[in-house]
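# Topology and contacts: notes
What follows is each chain in one-letter form.
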Amino acid sequence: MDRVEFATCFKILEDTIQKKEQYLDELTALTKQQENILLMEKFSMDEFEALMEKKDPYIRKISEFDTGFEGIYAKMKPVMDQYKAEYEPRIRALQAKIKTVLEKGAGLCTLEEQNRTRLEHCLTDKKQEIRNFNKSSRTVSSYYRNMAGAVSDQSFFMDKKK
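Residues numbered from 1 in each chain as written. Predicted model: local features only at pLDDT ≥ 70, side-chain atom pairs only at ≥ 80, totals over all residues. Heavy atoms only, no water.

A full pass over the atoms with the stated rule returns 15 salt bridges. Glu-21 is the salt-bridge partner of Lys-104, the closest N and O atoms lying 2.9 Å from each other. One end of the pair, Lys-104, is in helix H3 (residues 80–153); the other, Glu-21, is in helix H1 (residues 3–39), and 83 residues separate them in sequence. What emerges from the salt-bridge pattern is a single network uniting Glu-21, Asp-25, Lys-97 and Lys-104. (Salt bridge = Lys/Arg side-chain N within 4 Å of Asp/Glu carboxyl O. Helix = DSSP H or I, 4+ residues; strand = E, 2+ residues; numbered from the N terminus.)

As structure tokens, this is what we get:
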């Protein structure tokens, strides 16, 4: 790999990690919006799902960035020592950016896990509401059925003369 190709590949690595950071920031903002929905008293599954759909392209693009970054880095690694002195400040800056991106990714994973737990709690509450509604509905239905049967089977007037 010559100097020009190395410079081009290094610039691609820098651009890729920068864009990944931007996408992680956007994804984190959407995840925080999901958190707010989950914390609301009246949980809206439609709003939550809409945000999930908005997040999907960001997740795909981040995955593409990772694949591309790894491929280019693997191509550059054998000759990295050859250009290390010349690119040392940029290499350190790239390493710092990678560290930042990894920290943001870890923070996003933590937030996603918290949201998953909150979502499970919300869904459990909804299931309980449905069970309670069904139980109440069966009780009311049974009551009216019993009352209808009781009225037709019994006479309200009794003849005490005989």
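Between H1 and helix H2 (residues 45–76), whose axes approach to 9 Å, the crossing angle comes to 160°. The angle between H1 and H2 falls in the class roughly antiparallel. In terms of crossing hand, the pair formed by H1 and H2 is left-handed. In terms of residue class, the contact of H1 with H2 is made up of 23 nonpolar, 4 polar and 10 charged. (Axes fitted to C-alpha atoms, helices over the stretch in contact; angles between N-to-C directions. Parallel < 35°, antiparallel > 145°, perpendicular 65-115°, else oblique. Left-handed = near helix turned anticlockwise from the far one by under 90°. Nonpolar A, V, L, I, M, F, W, Y, C, P; charged D, E, K, R; others polar.)

Before going further, it helps to spend a moment on the environment of Lys-104. Residue Lys-104 is classed as partly exposed on the basis of its relative accessible area of 27%. Residues Lys-104 and Asp-25 lie 79 residues apart in sequence; the distance between their C-alpha atoms is 7.8 Å. Setting aside residues no more than four positions away along its own chain, Lys-104 makes contact with Glu-21, Leu-24 and Asp-25. There is a polar contact of 2.9 Å between the side chain of Lys-104 and the side chain of Glu-21. (Buried < 20%, exposed > 50% of the residue type's maximum accessible area, 1.4 Å probe, protein only. Contact = heavy atoms within 4.5 Å. Polar contact = N/O pair within 3.5 Å; in protein donor to acceptor, adjacent residues only side chain to side chain.)

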